[in-house]
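Listed here are the chains, written in short residue letters.
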Amino acid sequence: MKQSLVQIALVVDDYDKAIQYYTKKLQFTLIEDTPLSETKRWVVVRPNGGNGASLLLAKAANENQKRSIGNQTGGRVFLFLHTDDFDRDYENLLRQEIKIINGPREEEYGKVVVFEDLYGNLWDLIQPYKTN
């Protein structure tokens, strides 16, 4: 049996604002932006050069969903972004004035910094150490 995680829904308040943030500030690639109705779109972004899971940017459709924007995990780190060049991507976070919550620091598994996206979701940017 083979399975893979291909998309993670991220609740947002506005499609275009979310696309702008993830593609311009985090330098993700816009994979798809397909209108489904007058109010709903299928919007998918992926880390640049990545071949793992993508983010489905899902616009909140009701009050309950709006309350979860930025807090889908109750304040814990939500997403883990691996990089092949920590310094490059950390400098981009600083240049884009993205809020750094913790770090950067060295852990036994790699270099890591915790940052907050425009909605308040917490992310780990990690450059894993290579193991033999």
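Model, not experiment: these values are computed from the prediction. (Residues numbered from 1 in each chain as written. Predicted model: local features only at pLDDT ≥ 70, side-chain atom pairs only at ≥ 80, totals over all residues. Heavy atoms only, no water.)

Visitor: So what's going on with the sheet that holds strand β4 (residues 54-59)? Which residues, and what values?
Guide: Pairing within the open sheet is mixed, and its 4 strands lie in the order β1-β4-β3-β2. The open sheet has two free edges, formed respectively by β1 (7-12) and β2 (29-35), since each of these has just one partner strand. Taken over all neighbouring pairs, the strand axes of this sheet differ in orientation by 25 degrees on average, direction set aside. When strand β3 (residues 41-46) meets β4, the two strands line up antiparallel, connected through 3 bridges. Directly across from V45, in β4, lies its bridge partner L55. (Pairing = 2+ DSSP bridges. Helix = DSSP H or I, 4+ residues; strand = E, 2+ residues; numbered from the N terminus. Axes fitted to C-alpha atoms, helices over the stretch in contact; angles between N-to-C directions.)

Visitor: Outline the pattern of salt bridges, listing residues and values.
Guide: One side chain can pair with another of opposite charge once the charged atoms of both are near each other. This model, assessed by the stated rule, comprises 8 salt bridges. Put simply, R41 and D33 hold a salt bridge, and the shortest N to O gap is 2.8 Å. Looking at D33, the relative accessible area reads 31%, which means it is partly exposed. One salt bridge in this structure joins D87 and K111, with 3.3 Å as the shortest N-O distance. A residue pair is termed long-range when its members are at least 10 positions apart, and D87 in helix α3 (residues 86-95) and K111 in strand β7 (residues 110-116) qualify at 24 residues. According to the relative accessible area criterion, D87 is partly exposed, its value standing at 44%. Bridged by salt links that share partners, the residues D16, D33 and R41 form one connected network. (Salt bridge = Lys/Arg side-chain N within 4 Å of Asp/Glu carboxyl O. Buried < 20%, exposed > 50% of the residue type's maximum accessible area, 1.4 Å probe, protein only.)

What is shown is where atoms sit, not what they do.
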